[in-house]
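So the chains spell out like this:
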Amino acid sequence: MKTLSCQHVGKVWMSPGGLSVQALKDVSLTVQQGEFVAILGPTGCGKSTLLEMIAGLEPTTSGRILFDGKQVTGPEPGVVMVFQEHSLFPWLSVRDNVGFGLSVKRVVSAERERRVDQVIDRVRLTRFGRHRPHQLSGGMKQRVAIARALVENPDFIMMDEPFAALDFQTRVLMQRFLLEIWLEFRPTIIFVTHHIDEAVLLADRVVVMSAGPGRIIEEVRIDLARPRRMTDSGFNDYRARLTELMECEVMRAYAEDDAGAISDAG
Amino acid sequence: MQGTGSLEPGAALDAAPERARVVPSWAAALLKALVPWAAIIAVWEAAALAGWSGAVLFPPPSAFIAFAIQSDFRVGFGRESMTIPVAIVASALRVLAGLAVGFVAAVVTGILISTSKTVSDMVLPVIRGLAPIAPIAWIPLGIVLFGIGNPTAVFVVFMGVYFILTISTVAAVNTVDRRLIKTARSYGASKSQVWTRVIFPAVLPEVFTMLRINFFAAWMAVLAAEMVGLKNGLGMMIILGREMFNTKLILLGMCMVGATGYLVDALLVQIQRKVLWWQQAR
């Protein structure tokens, strides 16, 4: 069992002028292998920063992150990141984008081709292997990004608002597609979103974060059978509860911003 | 048909297809480009035919092209004699060699400088002090250093583009999308692989665009170098015309300068489209 555990993690950003901003404070979170966890929070609550720290791309200021019992100090093999649109390398073909990780790790080309073939077929993009990213639609680009993650046989997939730039229809299709993939390969997924419906639809567990400084205010387990539908009777209860939590947080953050603005002015 | 929009993939969807196919888009573009030139030449030729007195100093194309054919595309006497095709090739190769060396050197320097904040803080002020010196201003120094010959021309073009392109490489490195770098690192790319496989390809199109913008200044510098020192190439052809008071030769030289410059620029555009296509792609 590869468990991820964040213990009292904090992050302080230092600006060049010497001002410090507490982005995250005392975040503790444990994720079991195979879980699908959504991190839900308003813009600026540090959820992306948390994800990048787990992925080893950003150091923590306090606390520690353990992956499989070992402290994370840099990008770990088996932990991969999927960003929003525009994270494909525009100068590489679909196949070369998918094979990027294998190629930098110097996996021999026959093996690389075989694995790329496999996942590219799984995301139904075989016909587009030689295409370049700008020739693809938004949904196809995100399928390439997912294929690029899957080809690594990852234990953990970190997704930072991966569908935020997609239109509603494509988004629904991609959510279904991601669930299919998750049920088939069972990687652990940590999925950052600010969409309540998306979180309830996809996740086993929703971690709700507050803004300024970002911390975890609630964890909600979603006990709904899959496949879920937004029209399910239980769905609305979760949606209502999370909406309330989020609204409270947003209002509080606004109030604090105003107070801060007034005290700054004075 | 709305101009070059039809070159975009998928543009066929919003154009009326049966009308769009009557004239191929490249032919329409060529026609649009040629009509104004045809009009200018027609007015010029008509003025000469009508007995315009300026036609002696300003001979129309029919006169200077006939002159080129009569003289068997060979101009000048003795040591200064040259053929027109050789002059064109000499000038074009000089500028292309200088651009190529300047581009490669600038991208390498720019990336090396960017790897260290301290180094870039120290080196950039020097480069920013040298960049404003016009390519033409390097000619005397080039002649002193390399004598009269091709190395001087290449040196002048190189100095004309190197500093500017180094600055633009540093600027381009700073604006590479952070997500691409993070993605690469998350997939196991080492620090040096991030430079070679992400930052390097990401900056190329932007630096190449700067190269194209600076090509014209470099081209002028080559011609000026040919006029004052190198004694061959298209620049020298114009000077020969002046020395012999042969306005046909002067205008022929000017036309060749324009046409060759246009073709080299078109070549750069093709390189940009076919080799470094991912900038317009984004």
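A short tour of the structure in this document, coming up. Fair warning: this is a prediction, and the values are worked out from it, not measured in the lab. (Residues numbered from 1 in each chain as written. Chains lettered and ligands numbered in written order. Predicted model: local features only at pLDDT ≥ 70, side-chain atom pairs only at ≥ 80, totals over all residues.)

A short note on the sheet that holds strand E5 (residues 70-71) of chain A
All names here are of chain A.
Line of reasoning, step 1. Taken in spatial order, the four strands line up as E2-E1-E4-E5 in an open sheet, and their pairing is antiparallel. On the outer flanks of this sheet lie strand E2 (20-31) and E5, each paired with one strand and no other.
Line of reasoning, step 2. Bridge count for strand E1 (residues 4-14) against strand E4 (residues 62-67) is five bridges, and the pairing is antiparallel. Residue pairing in the sheet places Gly-10 in a bridge with Ser-62 of E4. (Pairing = 2+ DSSP bridges. Helix = DSSP H or I, 4+ residues; strand = E, 2+ residues; numbered from the N terminus.)

A closer look at the nonpolar core
Line of reasoning, step 1. In this structure, Ile-54 and Met-158 of chain A together with Val-157 of chain B are the most contacted members of the largest nonpolar core, which totals 132 residues.
Line of reasoning, step 2. With 16 residues, the single largest contributor to this core is helix H9 (residues 191-230) of chain B.
Line of reasoning, step 3. Residues in contact with Ile-54 of chain A, not counting those within four places in the same chain, are Leu-4, Cys-6, Ile-65, Val-72, Met-158 and Ile-190 of chain A. (Core = buried A, V, L, I, M, F, W, Y, C linked by C-beta atoms within 7 Å. Buried ≥ 20, exposed ≤ 12 C-beta atoms within 10 Å, placed from the backbone. Contact = placed C-beta atoms within 7 Å.)

Quick notes on the interface of chain B and chain A
Reports often express the size of an interface as the amount of accessible area lost when the parts come together.
Line of reasoning, step 1. Tallying the contact residues gives 17 residues for chain B and 20 residues for chain A.
Line of reasoning, step 2. Looking at the side of chain B that touches chain A, the element that brings in the most residues is helix H8 (residues 178-186) of chain B, giving six residues.
Line of reasoning, step 3. Within the side of chain B that touches chain A, the residues separate by chemical class into seven nonpolar, four polar and six charged. (Nonpolar A, V, L, I, M, F, W, Y, C, P; charged D, E, K, R; others polar.)

Thoughts on helix H5 (residues 117-130) of chain B
Residue and element names in this part refer to chain B.
Line of reasoning, step 1. Taking 1.5 Å of rise per residue, the 14 residues of H5 would be expected to cover 20 Å, and the 20 Å separating its terminal C-alpha atoms lies within 8% of that figure.
Line of reasoning, step 2. At Val-123, H5 is bent by approximately 30°, the largest bend along its length, and proline Pro-125 sits one to four residues beyond.
Line of reasoning, step 3. Of all 14 residues that make up H5, zero are buried, and the element is exposed over most of its length. (Expected span 1.5 Å × (residues − 1). Bend = angle between axes of the 7 residues up to and from the residue.)

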